Amino acid sequence: MTTPESGAGNPVSIVSEAVCEQIVGRPEAFKAVENVFAAMARGDAYNFPVVREAIGHADALYGFKSGFDRAGMALGVKSGGYWPGNVDKNLTNHQSTVILFDPDTGQLKALVGGNYLTAVRTAAASAVSIAHLARKDAKVLGMVGAGHQSTFQLRAALEQRDFEKVVAWNPHPEHLPRLAAVCDELRVPFEAVTQQELGAQADVIITITSAFEPLLLKEWIKPGTHIACMGTDTKGKQEVDPALLAAASVFTDEVAQSVLLGEAQHAVASGLIAEADITPIGKVINGTHVGRRDDQEITLFDGTGVGLQDLAVASAAAELADQKALSMQIRL
């Protein structure tokens, strides 16, 4: 027998990975991420401290990202991590689930598959940075990295400018056909190049690797380039030369996380830039920061990946799934 206190609450929505892929596309993800970045800059949304630990089994990293978006009324936690051995099991290395709660009552609201949403929200973040910081006349897109996430990044980026060509480099060149296939589908010329050639040609560059050393050096990057560094989300990781951040105007999703575990960690630690030199991209979205000042300026977005991004896209998924009667409803 249940009582109002123990079991008469609202039903809990369960939204599967398949449903998330069906209803959350790039436009929905872009809007959710752009809105939450703006809310963060206004002080209407904030992330809670991140927990991320090596569990001592299967070489896995496991953690929690949580926060509250007062503007979007999203409260919850993303739980999951990285299992490097999953590739041999035909599984995605990144595994996660988003748990949403009702901000008014604290009751469990939804369980949402987080694997696809993690990929689409990360791509949305770099796309938001391109939309607000890249030169309007950018014509060549450079991709550094060709893993699972790279195709999400490529598709989202190509929608932000009239790119006429994609150039790419990957530490393991045998994976580059993954990007070439997307370009072939979208009828955009593709070329595999060296790192130096990529820097010489690209007007916009996305780095999406798991590197622990610089893959792009400052002297390879031409004036006016916009760079979205999307792979560094852990202490020790690194994708670009710290001197490149010193030469650029640096923007990020969350400054505290950028300094602690994002691409900026190395430039800050070496004294090349200070925390005060990093601007939340939400300020550009809100119009309180000019963003790019001229066509010669190098801009760099340090996309560390914040929990509020996950909550934003998961909330959108849960709402759409309920509206379309695609979620499973249970009572606990």
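The model shown is predicted, which means the values in this text are computed figures rather than measured ones.

What follows is about the overall build of the protein. Within the protein, the regular secondary structure consists of 12 helices and 18 strands. Dimensions of the protein, computed from the C-alpha atoms along their principal axes, are close to 70 × 40 × 40 Å. Among the 332 residues that make up the protein, the fraction classed as buried is 54%. Here the contacts in the protein between residues at least 6 apart in sequence split such that 70% fall between residues at least 24 apart. As displayed, the protein offers around 14,800 Å² of accessible surface, 53% of which is attributable to carbon and sulfur atoms. Once the 27 positive and 39 negative side-chain charges of the protein are each reduced to a mean point, those two points are 3 Å apart.

Pairing is parallel across the open sheet formed by 8 strands, whose spatial order is β10-β9-β8-β11-β13-β17-β15-β16. Lying at the two open borders of the sheet, with one neighbouring strand each, are β10 (190–192) and β16 (278–280). Neighbour-to-neighbour, the strand axes of this sheet turn through a mean angle of 20°, independent of strand direction. Sheet topology note: the strand β8 (residues 140–144)/strand β9 (residues 165–169) ladder contains 5 bridges and is parallel. Residue pairing for β9: Leu141 is matched across the bridge by Val166. Sheet strands in contact with helix α5 (residues 148–158) are β8, β9 and β11 (204–207), and its direction is about 165° off that of β8.

We now examine the confidence of the model for the protein. Confidence along the protein averages 95 in pLDDT terms, with 98% of residues attaining 70 or more. Below pLDDT 50 for its whole length, residues 1–7 participates in 4 contacts with residues either more than four positions away or in separate chains.

With that settled, consider a nonpolar patch on the surface. A cluster of nonpolar residues, Val51, Ile55, Tyr62 and Phe64, forms a patch on the protein surface that exposes about 320 Å² of accessible area. Summarising the element assignment, Tyr62 is placed in strand β4 (residues 61–69).

Between helix α3 (residues 26–42) and helix α4 (residues 115–133), the shortest axis-to-axis distance is 8 Å and the interhelical angle comes to 70°. Taken together, the axes of α3 and α4 are roughly perpendicular relative to one another. Crossing angle aside, the handedness with which α3 passes α4 is right-handed. Two secondary-structure elements touch here, α3 through Ala29, Phe30, Val33, Glu34 and Phe37 and α4 through Val120, Arg121, Ala124, Ala125, Ala127, Val128, Ala131 and His132. Tallied by class, residues from the contact of α3 with α4 come to 10 nonpolar, 1 polar and 2 charged.

What follows covers the layout of surface pockets. Space left empty within the atom packing is revealed by a probe, the size of a water molecule, rolled over the atoms. In this structure, the second largest pocket spans a volume of roughly 360 Å³. Around the second largest pocket, the lining is made up of 17 residues, and of these Lys31, Ala32, Asn35, Ala312 and Ala316 lie nearest the centre. When residues of the lining of the second largest pocket are traced back to their parent elements, those giving at least two are α3 and α12 (307–323). The biggest single contributor to the lining of the second largest pocket is α3, with 8 residues. Considering only residue class, the lining of the second largest pocket consists of 9 nonpolar, 3 polar and 5 charged.

Analysis parameters
- Residues numbered from 1 in each chain as written.
- Predicted model: local features only at pLDDT ≥ 70, side-chain atom pairs only at ≥ 80, totals over all residues.
- Heavy atoms only, no water.
- Helix = DSSP H or I, 4+ residues; strand = E, 2+ residues; numbered from the N terminus.
- Buried < 20%, exposed > 50% of the residue type's maximum accessible area, 1.4 Å probe, protein only.
- Contact = heavy atoms within 4.5 Å.
- Areas by Shrake-Rupley, 256 points an atom, 1.4 Å probe, with all protein chains shown as cover.
- Lys, Arg positive; Asp, Glu negative; His and termini not counted.
- Charge placed at Lys NZ, Arg CZ, Asp CG, Glu CD.
- Pairing = 2+ DSSP bridges.
- Axes fitted to C-alpha atoms, helices over the stretch in contact; angles between N-to-C directions.
- pLDDT = per-residue confidence, 0-100.
- Patch = residues over 30% accessible without salt bridge, like charges linked within 9 Å, V, L, I, M, F, W, Y side chains within 5 Å.
- Salt bridge = Lys/Arg side-chain N within 4 Å of Asp/Glu carboxyl O.
- Parallel < 35°, antiparallel > 145°, perpendicular 65-115°, else oblique.
- Left-handed = near helix turned anticlockwise from the far one by under 90°.
- Nonpolar A, V, L, I, M, F, W, Y, C, P; charged D, E, K, R; others polar.
- 1 Å grid on protein atoms, 1.4 Å probe; cavity = no way out; pocket = protein on both sides within 12 Å on 5 of 7 lines; lining within 4 Å.
- Points joined across faces, edges and corners; volume = space filled by probe spheres on them.

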